[in-house]
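Single-letter residue listing:
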Amino acid sequence: MVGTPLGVWGQTSAPEADRGAVSGTVVDEEGAPLPDVQIVDLTLQRGTTTDADGTYRLDRLPEGEHLLEFRFVGYRTVVREVQVTAGETTTVDATLQTRVLEADGVTVTGTARARSTLRAPQSVDVMGLQELEARRGAALGDLLQDNVRGVSSIKTGSQAGKPVLRGLSGNRIKLLKDGVAQEFYQFGVRHFPTTNTSEAERVEVVRGVSSILYGSDALGGAINVISKPAPTSSSGQVEAEGSASTQYYTNNNERAGSIDLQVAQGDVGWRVGAERRIADNYHAPDEPTFSETGEGGTFGDPRYANEIPFTNFEQWSAYGQVGMQGDFGSLQLHGDYWQNAHNFLLPDGGTPGETPFPPAGLGQNLEHSNVALKGNITAGNVVLKPRLSWQRSIRQSAPGTGDVTLATIRENGGLGGFDYPLDLKTDIYTGRLELVHPPVGPLNGTVGVEVQHQDADTRGPAELQPSARTWNAGLFVFEDVEMDPLTLSFGGRVDVRDVEAAPNDRTTDANLLENTYTTLSGSAGANYALGNGMALATNLSAGFRAPSVFELYANGVHGGVAAFQVGTPELDPERSYSADLSFRVRRDRVTAEVTGYVNAINDYIYLRNTGETNEDSGLPIFEAGQTDAIIPGIEATLEASVQPWLQVGGSTAILDGTGDALGADGSDGTLPLLPANTVSGFARWVPSGTDRLRNPSIEVNVKHALDKDAAGRFEPFAQFDGDFGPPFGTASTEAYTVVNAEAQATLRTGIGAPLTLSIGVDNVFDTTYRDFLDTYKGYALSPGRDLQFGVSASF
């Protein structure tokens, strides 16, 4: 039975008259056959594994060009293009080299069709199953920041990490699950993705405007979490497999465990899984606090150090799926549920001068349910990809008074029994159909249509945003033209979005309660293969983002950011015009990429501190406004195998962002929520393994972040830099350097399944620092030293 790969496609002795087949043998560098190698056609979502003698066969493939990915733990991924002819079997052999550097992979996100990351005009990175299983954590943003170049994370404690791509986040990043947009109230700076990667086979990250395929919001890029498929059994008998893992983190006493079980009979398979995480408060370095020193102002002493109160959380998720394959293609029904209950530490809760300050926390409950039906159906030489999805996103929170936490919620009947003042529920219904067509003259690509309806219901008395209904319909086409060694890519999309909100104190004017937007998006790109594993790529894109319900109609206390926020019903859609240029190298001993980009956004929406205070809450008033903005930047990464046993590398991300009239004197000023410029490097020792100890490695990496000033009154938590704000903490941050280390290996015990072991240390030297995108920087330090242990096994 096939577990983690995309399933074994039923085997026949000869190809059918209107279909073709691919077969071959996979060996290692010494010519020895490799069993259990995964061979995947990602366009069709079909795959198989090699037998004990290294042979494989993929039957019933539609005629035309296919891109196959060969992958095996401990070996470098290999990508092969193959032309399938009806009624014939094409032989494709592969030799896998011991994994030195991951040279290439296949992406299906943000491109006209499946293609290698080297040859895609778009800038795409793929995080595969091996990396996910070794580094999985509670926060998606932190996972990507640590493992994918050019990604930053807006942090709020251990469980909250919100991805940042090329200086954009929240509503300007499209989070997808199997190609369907996910909703998690991403308008809030501390509102993190409600997605667990324990059910993922891979995560693909597209940097740059991706509006053609994904519509509104994808101005900074898209992140596609691709689920593990339902398994199949080539023998036709009932077969079962599974895997389990556990993790422990010393800094916050976080305990995590997960399990994945799968059963298959023939072309029908089932999969279920679950993950549970429980964590206490996180710890920062034990430095003097403001209450002990009285030192305030910018870069002032923190209000809290050592154990940071009200930063604990509880998280669990479960998923299940059933799938089948046949002559028609594949069909899969998937469902999952995710819940996270946590505290947020608030800056208020005491009067300056008290010793000690009594801390205040905010209790929240987040839930996300998802049911999706997806298919990859072959009809002649056409592949149809239907998607039907229902989601429910719930965000429940106490008011910003700091009197409701996890403890008080439990005392009042638990998470489900507590009456939350802020209670938001949104149901999302999505239908999407893509058609991947065979070559039509020089064109080869995808056309599609997508319809989505959101039903947002504000159920509690605290009306941060009103109830609203949103419809969006989009029609798109995305095509490639192959003129080897040149690949051209272009496409367009039209969207119509209608937003209708219930009246609130912000507006009762019926003419302002309904907004309709009709927008066009477009893209043109090129990739030129220079040969010898090198390529040049460029992309020009135009995208849009419609204002969210929150930006249009917000009118209430947002306790998590200690502000009273109001919307502006007259906002225009954002329009983005971007360009980038990349040079890429994917060779046996060297991988590298340098990308320069610029993104100009007209009518950029931001929240500005009006300087006024809401009388009832005593909180500063932030109001939605617009400006024209520009974000230029450079991303660069290099990895090299200088010896068979030694790998070194480094990366840097440098960007700037300004908006018209955002400066204190009315001149151009800095945009908020931009990450600090960073440079990092690593050294990895890869000793030879033994029969019992496989794929050992030890890695040390160093990250240096430059100092960064807050964007004045437009920066969230800017009050911590002000003369009239709290006398502690900071909104601007100083430069810092942190060192992390990790060791991992697979141990064959001889009495059962092999164990994959890992041990790591974040912030090895317990460095005192504040990260610019850490939303606790105003009153607490970033986390100190953290020892991490992990064990996983398949059975």
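Draft legend 1. Structural context of the overall build of the protein. For the protein, the helix and strand inventory stands at six helices and 45 strands. Burial statistics for the protein: of 795 residues in total, 58% are counted as buried. Surface summary for the protein: the accessible area is close to 29,200 Å², and the carbon and sulfur share equals 55%.

Draft legend 2. Seen up close, the sheet that holds strand 5 (residues 64–71). Ordered by their spatial adjacency, four strands build an open sheet running 3-2-5-6, and the pairing between neighbours is antiparallel. The open sheet is flanked by strand 3 (46–49) and strand 6 (78–84), the only strands paired with a single partner. Adjacent strand axes in the sheet meet at a mean angle of 25 degrees when their direction is disregarded. Both strand 5 and strand 6 contribute to a ladder of seven bridges, which runs antiparallel. What sits directly across from Glu69, in strand 6, is Val79.

Draft legend 3. Region of interest: the side chain of Ser697. Topologically, Ser697 is positioned in strand 42 (residues 693–705). Discounting chain neighbours no more than four positions away, the residues touching Ser697 are Arg684, Trp685, Pro687, Glu742, Ala743 and Gln744.

Draft legend 4. Geometry of the layout of surface pockets. Roughly 750 Å³ of volume is contained in the second largest pocket. Leu67, Val79, Arg80, Glu81 and Ser116 are, among the 41 residues lining the second largest pocket, the residues nearest its centre. Of all the secondary-structure elements, those providing two or more residues to the lining of the second largest pocket are strand 5, strand 6, strand 10 (115–116), strand 31 (514–531) and strand 32 (534–545). Across the lining of the second largest pocket, the residue classes break down as 15 nonpolar, twelve polar and 14 charged.

Draft legend 5. Geometry of the sheet that holds strand 13 (residues 161–165). The three strands are arranged 12-13-14 in an open sheet whose pairing can be described as antiparallel. Unpaired on one side and paired on the other, strand 12 (151–155) and strand 14 (168–169) mark the two borders of the sheet. Pairing between strand 13 and strand 14: two bridges, direction antiparallel. Within strand 14, the position partnered with Val164 by the bridge is Ser169. Packing against the sheet, helix 2 (residues 140–147) makes contact with strand 12 and strand 13, and its axis sits at approximately 145 degrees to strand 12.

Draft legend 6. Region of the structure containing the pattern of salt bridges. Overall, the coordinates contain 36 salt bridges when judged by the stated rule. Residue Glu201 pairs with Arg71 through a salt bridge whose shortest N-O separation is 3.3 Å. Of this pair, Glu201 sits in strand 17 (residues 200–207) while Arg71 sits in strand 5, and the two are 130 residues apart along the sequence. Take Glu201 and Arg71: they sit in the same class, and that class is buried. A single network of salt bridges, built from pairs that share partners, joins Asp125, Arg149, Arg166, Arg207, Asp580, Arg584, Arg586, Glu593 and Glu635.

Draft legend 7. Region of interest: the environment of Arg493. Its place among the elements puts Arg493 in strand 30 (residues 486–501). Taking the C-alpha atoms as reference points, Arg493 and Gly522, 29 residues apart in sequence, are found 6.4 Å from one another. Engagement of the side chain of Arg493 in a polar contact is seen with the backbone oxygen of Ile212, the distance being 3.3 Å. Separated by 2.9 Å, the side chain of Arg493 and the backbone oxygen of Leu213 make a polar contact.

Draft legend 8. Broad picture of a nonpolar patch on the surface. A surface patch of nonpolar side chains, amounting to about 560 Å² of accessible area, comprises Met324, Phe328, Leu331, Leu333, Val371, Leu373 and Leu388. Of all the secondary structure elements, the ones that give two or more residues to the nonpolar patch are strand 23 (329–346) and strand 24 (360–379). You can see Phe328 is positioned in the loop between strand 22 (313–326) and strand 23. Residue Phe328 is classed as partly exposed on the basis of its relative accessible area, which comes to 32%.

Draft legend 9. Up close: the pairing of strand 29 (residues 468–483). Inspection of the sheet shows strand 28 (residues 443–458) paired to strand 29 by 14 bridges, in the antiparallel sense. Paired with Gly448 across the two strands is Phe476, which belongs to strand 29. Pairing between strand 29 and strand 30: 16 bridges, direction antiparallel. Across the sheet, Ala468 pairs through a bridge with Ala501, a residue of strand 30. Taking the residues between adjacent antiparallel strands as the criterion, strand 29 and strand 30 are bridged by two residues.

Draft legend 10. Representation of empty space enclosed by the protein in the model. All chains considered together, the criterion is met by 14 cavities of 30 Å³ or more. In this structure, the largest cavity encloses a volume near 530 Å³. The wall of the largest cavity is formed by 32 residues, among which Phe187, Val189, Leu607, Leu673 and Pro716 lie closest to the centre. Put simply, the parts of the chain that give the lining of the largest cavity at least two residues each are strand 14, helix 6 (549–553), strand 34 (563–566), strand 36 (590–613) and strand 37 (620–643). Here the element with the most residues in the lining of the largest cavity is strand 36; it accounts for four residues. Along the lines of polarity and charge, the residues of the lining of the largest cavity split into 19 nonpolar, nine polar and four charged.

Draft legend 11. Molecular detail of the confidence of the model for the protein. In this model, the protein carries a mean pLDDT of 86, and residues with pLDDT of at least 70 account for 90%. Of all helices and strands in the protein, the one with the weakest mean pLDDT is strand 26 (residues 403–404) (46), whereas strand 41 (residues 678–685) scores best (96). Low pLDDT, under 50, characterises residues 2–14; the stretch is placed with 56 contacts to residues that sit more than four places away or in other chains. Contacts from residues 400–404, a stretch scored under 50 in pLDDT, to residues over four places away or in other chains number 15 contacts.

Draft legend 12. Structural context of the packing of aromatic side chains. Taken as a whole, this structure holds twelve aromatic pairs when the rule is applied. The ring of Tyr597 has Arg166 lying over it, and the distance from NZ or CZ to the ring centre is 4.5 Å. The cationic tip of Lys708 hangs over the ring face of Phe772; the distance from NZ or CZ to the ring centre is 5.4 Å.

Draft legend 13. Seen up close, the nonpolar core. Counting residues in hydrophobic clusters, the biggest one holds 29 residues, and the most contacted among them are Ile308, Tyr776 and Tyr779. Counting only elements with at least two residues in this core, the list comes to strand 23 and strand 24. When residues of this core are assigned to their parent elements, the largest contribution, three residues, is made by strand 23. Those residues in contact with Tyr779 that lie beyond four places of it in its chain are Arg190, Pro302, Arg303, Tyr304, Leu345, Leu346, Pro347, Phe720 and Phe728. Leu61, Val78, Val82 and Val92 belong to the second largest nonpolar core, which has 20 residues in total.

The rules behind these values
- Residues numbered from 1 in each chain as written.
- Predicted model: local features only at pLDDT ≥ 70, side-chain atom pairs only at ≥ 80, totals over all residues.
- Heavy atoms only, no water.
- Helix = DSSP H or I, 4+ residues; strand = E, 2+ residues; numbered from the N terminus.
- Buried < 20%, exposed > 50% of the residue type's maximum accessible area, 1.4 Å probe, protein only.
- Areas by Shrake-Rupley, 256 points an atom, 1.4 Å probe, with all protein chains shown as cover.
- Pairing = 2+ DSSP bridges.
- Axes fitted to C-alpha atoms, helices over the stretch in contact; angles between N-to-C directions.
- Contact = heavy atoms within 4.5 Å.
- 1 Å grid on protein atoms, 1.4 Å probe; cavity = no way out; pocket = protein on both sides within 12 Å on 5 of 7 lines; lining within 4 Å.
- Points joined across faces, edges and corners; volume = space filled by probe spheres on them.
- Nonpolar A, V, L, I, M, F, W, Y, C, P; charged D, E, K, R; others polar.
- Salt bridge = Lys/Arg side-chain N within 4 Å of Asp/Glu carboxyl O.
- Polar contact = N/O pair within 3.5 Å; in protein donor to acceptor, adjacent residues only side chain to side chain.
- Patch = residues over 30% accessible without salt bridge, like charges linked within 9 Å, V, L, I, M, F, W, Y side chains within 5 Å.
- pLDDT = per-residue confidence, 0-100.
- Phe/Tyr/Trp six-rings, centres within 6.5 Å; stacked < 30°, edge-to-face > 60°.
- Lys NZ or Arg CZ within 6 Å of the ring centre and 35° of its normal.
- Core = buried A, V, L, I, M, F, W, Y, C linked by side-chain atoms within 4.5 Å.

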